[in-house]
Amino acid sequence: MFRIITVHFWVLQGGGRGGEKKNKANYSPPSFPLHSLKSDLTLRLTRPNKPFPITTISHILKEEITHRLRDVRYDPVRSREMTLTLCEVIRTRMKEFMISRYKTVILVHIGQLNGQGLQISSRCLWDPNFDTFVSHSFKNTSLFCSATVYGIYFE
Amino acid sequence: MEEYQNGSEVGVGAGSLLWFGIESVLGGDDYSQTHVNKWTAAIVERCLTQLVKINKPYKYIVTCSVMQKTGAGLHTANSCYWDTSMDGSCTVRWENRTMYCVVSVFAVCIA
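Conventions used here
- Residues numbered from 1 in each chain as written.
- Chains lettered and ligands numbered in written order.
- Predicted model: local features only at pLDDT ≥ 70, side-chain atom pairs only at ≥ 80, totals over all residues.
- Heavy atoms only, no water.
- UniProt positions renumbered as here; feature names shortened; annotations may be inferred.
- Helix = DSSP H or I, 4+ residues; strand = E, 2+ residues; numbered from the N terminus.
- Buried < 20%, exposed > 50% of the residue type's maximum accessible area, 1.4 Å probe, protein only.
- Contact = heavy atoms within 4.5 Å.
- Buried area = accessible area lost by both parts, 1.4 Å probe.
- Salt bridge = Lys/Arg side-chain N within 4 Å of Asp/Glu carboxyl O.
- Polar contact = N/O pair within 3.5 Å; in protein donor to acceptor, adjacent residues only side chain to side chain.
- Nonpolar A, V, L, I, M, F, W, Y, C, P; charged D, E, K, R; others polar.
- Pairing = 2+ DSSP bridges.
- Disulfide = S-S within 2.5 Å.
- 1 Å grid on protein atoms, 1.4 Å probe; cavity = no way out; pocket = protein on both sides within 12 Å on 5 of 7 lines; lining within 4 Å.
- Points joined across faces, edges and corners; volume = space filled by probe spheres on them.
- Core = buried A, V, L, I, M, F, W, Y, C linked by side-chain atoms within 4.5 Å.
- Axes fitted to C-alpha atoms, helices over the stretch in contact; angles between N-to-C directions.
- Left-handed = near helix turned anticlockwise from the far one by under 90°.

Under an unreviewed UniProt entry, the name given to chain B is Dynein light chain Tctex-type 3, and the source organism is Xiphophorus couchianus.

As annotated in an unreviewed UniProt entry, chain A carries the name Tctex1 domain containing 1 and comes from Xiphophorus couchianus. As stated in UniProt under Sequence similarities (unreviewed entry), the record for chain A gives "Belongs to the dynein light chain Tctex-type family."

Draft legend 1. Layout of the overall build of chain B. The helix and strand tally for chain B stands at two helices and five strands. Beginning at the N terminus, the succession of helices and strands in chain B can be written as β-α-α-β-β-β-β. Counting across all 111 residues of chain B, residues that qualify as buried make up 51%. Sequence separation of 24 or more characterises 70% of the internal contacts of chain B that already satisfy a separation of 6 or more.

Draft legend 2. Focus on the interface of chain B and chain A. Listed per partner, the contact involves 40 residues of chain B and 42 residues of chain A. The three residues of chain B that bury the most area against chain A are Lys-59, His-75 and Tyr-81 of chain B, which together make up 22% of that side's buried surface. Viewed at the interface, chain A and chain B are joined by three salt bridges. Between Arg-123 of chain A and Glu-45 of chain B there is a salt bridge, with the nearest N and O atoms lying 2.8 Å from each other. Summed over the shared surface of chain B and chain A, the result is 22 residue pairs in polar contact (both at pLDDT 80 or more). Those elements giving two or more residues to the side of chain B that touches chain A turn out to be α2 (36–53), β2 (58–68), β3 (74–81) and β5 (99–109) of chain B. Broken down by element, the residue count for the side of chain B that touches chain A peaks at 11 residues, all from β2 of chain B. Here the residues of the side of chain B that touches chain A sort into 23 nonpolar, 13 polar and four charged. Direction of pairing for strand β4 (residues 118–125) of chain A relative to β2 of chain B: antiparallel, over a ladder of eight bridges. Residue Cys-124 of chain A lies in a different strand from β2 of chain B, and its bridge partner there is Ile-61 of chain B.

Draft legend 3. Just the pairing of strand β6 (residues 143–153) of chain A, in detail. Residue and element names in this part refer to chain A. Burial of β6 is extensive: 11 of the 11 residues sit out of reach of the surface. Taking every second residue as pointing to the same face, both faces of β6 are buried, with Leu-143, Cys-145, Ala-147, Val-149, Gly-151 and Tyr-153 on one and Phe-144, Ser-146, Thr-148, Tyr-150 and Ile-152 on the other. Across 11 bridges, strand β3 (residues 102–112) lies against β6 in antiparallel orientation. The residue of β6 that forms the bridge with Lys-103 is Ile-152.

Draft legend 4. Focus on the state of the cysteines. All names here are of chain B. Taken as a whole, this structure holds zero disulfides over all chains when the rule is applied. Cysteine Cys-64 is unpaired, with the sulfur of Cys-101 as its nearest cysteine sulfur at 3.9 Å. Taking relative accessible area as the criterion, Cys-64 reaches 0% and is therefore assigned buried.

Draft legend 5. Quick peek at empty space enclosed by the protein. Residues and elements named next belong to chain A. Considering all chains together, one arrives at two cavities of 30 Å³ or more under this definition. Taken as a whole, the largest cavity spans an internal volume of roughly 40 Å³. The wall of the largest cavity is formed by Leu-69, Val-72, Arg-73, Asp-75, Arg-78, Ser-79, Met-82, Ile-110 and Leu-143. A total of three residues in the lining of the largest cavity trace back to one element, the largest contributor, which is helix α2 (residues 76–95). In terms of residue class, the lining of the largest cavity is made up of five nonpolar, one polar and three charged.

Draft legend 6. Quick peek at the nonpolar core. Core analysis: the largest hydrophobic core is formed by 28 residues, its most contacted members being Ile-22, Leu-26, Ile-43, Val-62, Val-66, Cys-101 and Val-103 of chain B. Those elements giving two or more residues to this core turn out to be α1 (11–26), α2, β2, β4 (88–95) and β5 of chain B. With 26 residues, the next largest nonpolar core counts Leu-61, Ile-65, Met-82 and Leu-86 of chain A among its residues.

Draft legend 7. Representation of the layout of surface pockets in the model. Approximately 290 Å³ is the volume attributed to the second largest pocket. Forming the boundary of the second largest pocket are 14 residues, of which Ile-99, Arg-101, Tyr-102 and Lys-103 of chain A together with Tyr-81 of chain B lie nearest the centre. Within the residue set of the lining of the second largest pocket, elements represented by two or more residues are α2 and β3 of chain A. Classifying every residue of the lining of the second largest pocket by side-chain character gives seven nonpolar, two polar and five charged.

Draft legend 8. How the structure looks around the packing of helix α1 (residues 54–69) of chain A against α2 of chain A. Residue and element names in this part refer to chain A. Where α1 contacts α2, the axes come no closer than 11 Å and their chain directions differ by 145°. For the crossing formed where α1 meets α2, the hand is right-handed. Of α2, the residues touching α1 (which contributes Ile-57, Ile-60, Leu-61, Glu-63, Glu-64, Ile-65, Arg-68 and Leu-69) are Met-82, Thr-85, Leu-86, Val-89, Ile-90, Arg-93 and Met-94. For the contact of α1 with α2, the class distribution of residues is 10 nonpolar, one polar and four charged.

Listed below in structure tokens is the structure:
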């Protein structure tokens, strides 16, 4: 990982002839070669290059969940495996996007429909300018599925 | 019952913190459809507030699921793409006579 530091030297020239005040900022290039500033750490202080692809991930969630659960009846053993499979598959597909500097957390719930009440809530302490989440829910006659992907920008 | 996946410093303390967060909101109550929204909001709020007090350089995601006991099954799984040496998670399962509650916290290191 590389850190590129660009150093700008600003020279302010003030003063001038008596009675006249001029403020002039001049840029003078650094007096040593820039390549000597490259070191082995990365630090990016600005925003991410590419935003988190919310729409694409939403499509991925919808596609994977519908494809795998459309006509499936709830079964304890299979549903347990399916939650793990879905997590892995979603993570693999997201890695294809090479979303740099984003860490991801994927959460999948699969449950049986039995007339019970269920509430899933979440709250996050993060930077709302860069961090976000995508969620998709699915239901058929015997089961429901809820998948959420959180994208956290690594500053 | 608690489960940890760790490199993070949040670790063992997070488990008891989450447990007390749940107990303080749900302890002694029966499942109620009218109150469950308020309960889950209170649990995540309380847990997040306690985590912030630890004062570590982490971003946190706290999720809470409350399900009524009717004999139905529920499976939850998570998968994370992060720095395994610095980031971690903790999941706590709680239950009483009428409901289950599963709370997970994911701690992601900042730089």
